[in-house]
Amino acid sequence: MDKIKIKDLEVYGHHGVYPEETALGQKFLLSAVLHVRVREAGRTDDLAKSINYGEVSHFAKEFMENHTYKLLEAVVERLARAILLKWPQISKVDLELKKPWAPIGLPLDTVSVEIERGWHMAYLALGSNMGDRKAHLEHAVRALEACEDCRVLKVSDFIETEPYGVTEQDAFLNGALALRTLKTPRELLEQIHRIETEEGRVRTLHWGPRTLDLDILLYDDLVLDTEDLHIPHIEMHKRDFVLDPLAQIAPYLRHPILHKTVEELRGERNG
């Protein structure tokens, strides 16, 4: 990925733990690396095809002047999110914020915090077999679209499928969607749990009836195993009701462990 760099932009801000820091203010030095494709800008000599680093610099300066935080960590976290939301063509931003006059009572050059934040691609499975199934799934899509840190890119058709695991229950309506998000896997899991709760989801019986079921199938090429979150979803390759709608929106998406595309996994299930 190409990069645009801004180094040691001087900003006067009112950030710090001590009252005198927030009252009097002090100088900060901000450096940013914007990960963005600039090939078309280079070919056409057209600024509209790139990112105006002057605009980003002024935006960062105004953001730091108009907000007050105790921690450098909070400044860069909020600023990185604000930059990525305003310029979504920036796939990732690296920020370093230096504090030359850190009040620690010892001689030093600067104290700094450096972070890397960016957009991620996630794929979710949707399911419902209680009440107005289609309305529940549509609500989930709208709720994700309304989330400022998320962009719904594609949604599959909703298909009716037979229940899995506990078979003595009503048929499901299932789908899949592609999501661009600033959220971490854990934050995304918390978000979809909130959406499930809004639709009356109660977790009583594993594989039992539910108003709305949302699962993270894939998140970039991440492989993650925790007590309550597994990415890739540990049984996605075994489930037609996952693979069929997912193949509609991402047939050539590759499973990071099995190294097979969704279409290949689907073919093995149907073969």
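It should be noted that the structure appears before, not after, this text.
The structure contained in this document is the topic of the report that follows. The structure presented is a predicted model; accordingly, all values stated were derived computationally and were not measured. (Residues numbered from 1 in each chain as written. Predicted model: local features only at pLDDT ≥ 70, side-chain atom pairs only at ≥ 80, totals over all residues. Heavy atoms only, no water.)

## Notes on the side chain of histidine 15
Here is step 1: Structurally, histidine 15 is set in the loop between strand S1 (3-13) and helix H1 (19-24).
Here is step 2: Classification of histidine 15 as buried rests on a relative accessible area of 1%.
Here is step 3: In this structure the side chain of histidine 15 is engaged in a polar contact, spanning 3.1 Å, whose partner is the backbone nitrogen of tyrosine 69.
Here is step 4: Those residues in contact with histidine 15, other than ones at most four positions away along the chain, are Glu21, Gln26, Phe28, Met64, His67, Thr68, Tyr69, Val75 and Lys99. (Helix = DSSP H or I, 4+ residues; strand = E, 2+ residues; numbered from the N terminus. Buried < 20%, exposed > 50% of the residue type's maximum accessible area, 1.4 Å probe, protein only. Polar contact = N/O pair within 3.5 Å; in protein donor to acceptor, adjacent residues only side chain to side chain. Contact = heavy atoms within 4.5 Å.)

## Topic: helix H6 (residues 185-198)
Here is step 1: The first and last C-alpha atoms of H6 sit 20 Å apart over 14 residues, in line with the 20 Å expected at 1.5 Å per residue.
Here is step 2: Taken residue by residue, H6 has Pro185, Leu188, Leu189, Gln191, Ile192, Ile195 and Glu196 as its buried positions. For H6, the angular spread of the buried residues around the axis is 160°, confining them to a single face. Of the residues in H6, the exposed ones pointing more than 90 degrees away from the buried face are Thr197 and Glu198.
Here is step 3: On the buried face of H6, the contacting elements are strand S5 (120-128), helix H5 (133-146), strand S8 (172-181), strand S9 (213-219), strand S10 (224-225) and strand S11 (230-231).
Here is step 4: Phi turns positive, to about 85°, at glycine 200, one or two residues after H6. (Expected span 1.5 Å × (residues − 1). Arc of directions from axis to C-beta.)

## With respect to the packing of aromatic side chains
Centre-to-centre distance and the angle between the planes together describe a pair of aromatic rings.
Here is step 1: Scanning the entire structure with this criterion turns up one aromatic pair.
Here is step 2: Relative to tryptophan 87, the ring of phenylalanine 59 has its centre 5.3 Å away and its plane inclined at 85°; by these criteria the two rings are edge-to-face. Of this pair, phenylalanine 59 sits in helix H3 (residues 53-66) while tryptophan 87 sits in the loop between helix H4 (72-86) and strand S3 (92-99), and the two are 28 residues apart along the sequence.
Here is step 3: With relative accessibility at 8%, the residue tryptophan 87 sits in the buried group.
Here is step 4: Here the basic side chain of lysine 86 rests over the ring of tryptophan 87, its NZ or CZ set 5.4 Å away from the ring centre. (Phe/Tyr/Trp six-rings, centres within 6.5 Å; stacked < 30°, edge-to-face > 60°. Lys NZ or Arg CZ within 6 Å of the ring centre and 35° of its normal.)

## What to know about the sheet that holds S1
Here is step 1: In spatial order, the strands read S1-S2-S3-S4; together these four strands make up an open sheet with antiparallel pairing. Two strands lie at the open edges of the sheet, namely S1 and strand S4 (111-118), each paired on one side alone. Averaged over all neighbouring strand pairs, the angle between strand axes comes to 15°, with direction disregarded.
Here is step 2: Pairing geometry for strand S2 (residues 26-35) and S3, over seven bridges, is antiparallel. (Pairing = 2+ DSSP bridges. Axes fitted to C-alpha atoms, helices over the stretch in contact; angles between N-to-C directions.)

## Re the nonpolar core
Here is step 1: If you look at the biggest cluster of nonpolar residues, it comprises 33 residues, and the most contacted ones within it are Leu34, Ile51, Met64, Leu79, Leu95 and Leu97.
Here is step 2: For this core, the elements supplying multiple residues, two or more each, are S1, S2, H3, H4, S3 and S4.
Here is step 3: With ten residues, the top contributor of residues to this core is H4.
Here is step 4: If sequence neighbours within four positions are ignored, methionine 64 has contacts with Val11, Gly13, His15, Phe28, Leu30, Val75, Leu79 and Leu97.
Here is step 5: Counting residues in each nonpolar core, the second largest holds 24 residues, with Leu144, Val152, Leu179 and Leu229 among its members. (Core = buried A, V, L, I, M, F, W, Y, C linked by side-chain atoms within 4.5 Å.)

By themselves, these figures tell us nothing about what the structure is for.
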